[in-house]
Amino acid sequence: MDFNKLLAVTFTLFAVIDIIGSIPVLIGLKNKSGDINSLKVTLVCGVLMILFLYAGEPLLKILNLDKHSFAVGGSIVMFLLGLEMVLGLEIFKEDANATGTLVPIAFPIIAGSGTLTTIMSLKANYEQQYILIGILINLVIIFATLHLLGWLEKILGKAGLIAVRKFFGVILLAIAVKIFGSNLQAFGK
């Protein structure tokens, strides 16, 4: 086991998942829906990431999609979430029947198109065992963050949450634009 490879994969996934930057969005969604089931969200994210590790490209082909189309679609949802954060708008209306676990928390906030395409891209440079272990390490971090949302909300306070929300909203907008732009050019090919 090469520790440097494992570290590189784990930190790459951590940066793309950006669970720390998603805290304000997650707290906002938690306050809308009443609660977030940390274990359920983590398990759904884990299933999505591991599924994409082993069957990502074939799955997209079955749906007659490519990873670029998938990334563009996910980036649009991320862009709208970023707008919500920065402008204080409510674009994603609460559905009385939805728990918020699958959409938008598990996908696209945590296991979004950026994460899933990154997992497929990592396969070009790293063995699957490193990617799988990197995913599992990040799932532990995701669970801990989701489980501690109430505590994080108290620590940050209202003003801190607003500041972090707006800051990471701009970051999310920038990531969405980057994903959109880098994958849009592939449509003509």
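Here the structure is a predicted model, which is why all the values come from computation and not from measurement.

K.L.:
Give me the layout of surface pockets: which residues, what numbers.
P.N.:
Counted as a void, the largest pocket has a volume near 290 Å³. For the lining of the largest pocket, the secondary structure elements donating two or more residues are helix H1 (3-17), helix H4 (67-87), helix H5 (101-110), helix H6 (113-122) and helix H8 (149-184). Looking at the lining of the largest pocket residue by residue, the class counts come to 14 nonpolar, seven polar and one charged.

K.L.:
Talk me through unusual backbone geometry; I want residue IDs and the actual numbers.
P.N.:
Here the bond from phenylalanine 107 into proline 108 is cis, since omega is 10 degrees, no more than 30 degrees from zero. Note that proline 108 resides in helix H5. The phi torsion at aspartate 18 lies on the positive side, around 50 degrees, for a residue other than glycine. By the element assignment, aspartate 18 lies in the loop between H1 and helix H2 (23-33).

K.L.:
A description of the nonpolar core should follow, citing residues and the corresponding values.
P.N.:
If you look at the biggest cluster of nonpolar residues, it comprises 44 residues, and the most contacted ones within it are Cys45, Met49, Ile110, Ile119, Ile135, Ile142 and Leu146. Taken together, the elements giving at least two residues each to this core come down to H1, H2, helix H3 (38-62), H4, H5, H6, helix H7 (128-147) and H8. Looking at this core element by element, the count peaks at seven residues for H3. Those residues in contact with isoleucine 119 that lie beyond four places of it in its chain are Leu13, Met49, Phe52, Leu53, Ile131 and Ile135.

K.L.:
I'd love a proper account of H2, names of residues and values included.
P.N.:
Three- or four-residue spacings in an α-helix give side chains the same orientation, since the helix completes a turn every 3.6 residues. By the burial criterion, the buried members of H2 are Ile23, Pro24, Val25, Leu26, Ile27, Leu29 and Lys30. Glycine 34 sits one or two residues past H2 and shows a positive phi near 100 degrees.

K.L.:
Requested: an account of the packing of H1 against H7, with residues and values cited.
P.N.:
The axes of two packed helices give the description: the angle between them and the distance between them. At their nearest, the axes of H1 and H7 sit 8 Å apart, and the two run at 45 degrees to each other. Between H1 and H7, the interaxial angle falls into the category oblique. Once H1 is placed against H7, the crossing between them reads as right-handed. Residues Lys5, Leu6, Val9, Thr10, Leu13, Phe14 and Ile17 of H1 lie in contact with H7, whose contacting residues are Tyr130, Ile131, Ile133, Gly134, Ile135, Ile137, Asn138, Ile141 and Ile142. Of the residues belonging to the contact of H1 with H7, the class tally is 12 nonpolar, three polar and one charged.

K.L.:
Give me the pattern of salt bridges: which residues, what numbers.
P.N.:
Overall, the coordinates contain two salt bridges when judged by the stated rule. Where glutamate 153 meets lysine 30, a salt bridge forms, and the shortest distance between an N and an O atom there is 3.7 Å. In this pair, glutamate 153 sits in helix H8 while lysine 30 sits in helix H2, placing the two residues 123 residues apart along the sequence. Judged by relative accessible area, glutamate 153 falls into the partly exposed class, the value being 22%. What makes lysine 30 buried here is its relative accessible area of 18%.

Conventions adopted
Residues numbered from 1 in each chain as written. Predicted model: local features only at pLDDT ≥ 70, side-chain atom pairs only at ≥ 80, totals over all residues. Heavy atoms only, no water. 1 Å grid on protein atoms, 1.4 Å probe; cavity = no way out; pocket = protein on both sides within 12 Å on 5 of 7 lines; lining within 4 Å. Points joined across faces, edges and corners; volume = space filled by probe spheres on them. Helix = DSSP H or I, 4+ residues; strand = E, 2+ residues; numbered from the N terminus. Nonpolar A, V, L, I, M, F, W, Y, C, P; charged D, E, K, R; others polar. Core = buried A, V, L, I, M, F, W, Y, C linked by side-chain atoms within 4.5 Å. Buried < 20%, exposed > 50% of the residue type's maximum accessible area, 1.4 Å probe, protein only. Contact = heavy atoms within 4.5 Å. Axes fitted to C-alpha atoms, helices over the stretch in contact; angles between N-to-C directions. Parallel < 35°, antiparallel > 145°, perpendicular 65-115°, else oblique. Left-handed = near helix turned anticlockwise from the far one by under 90°. Salt bridge = Lys/Arg side-chain N within 4 Å of Asp/Glu carboxyl O.

Nothing here speaks to function; it is all geometry.
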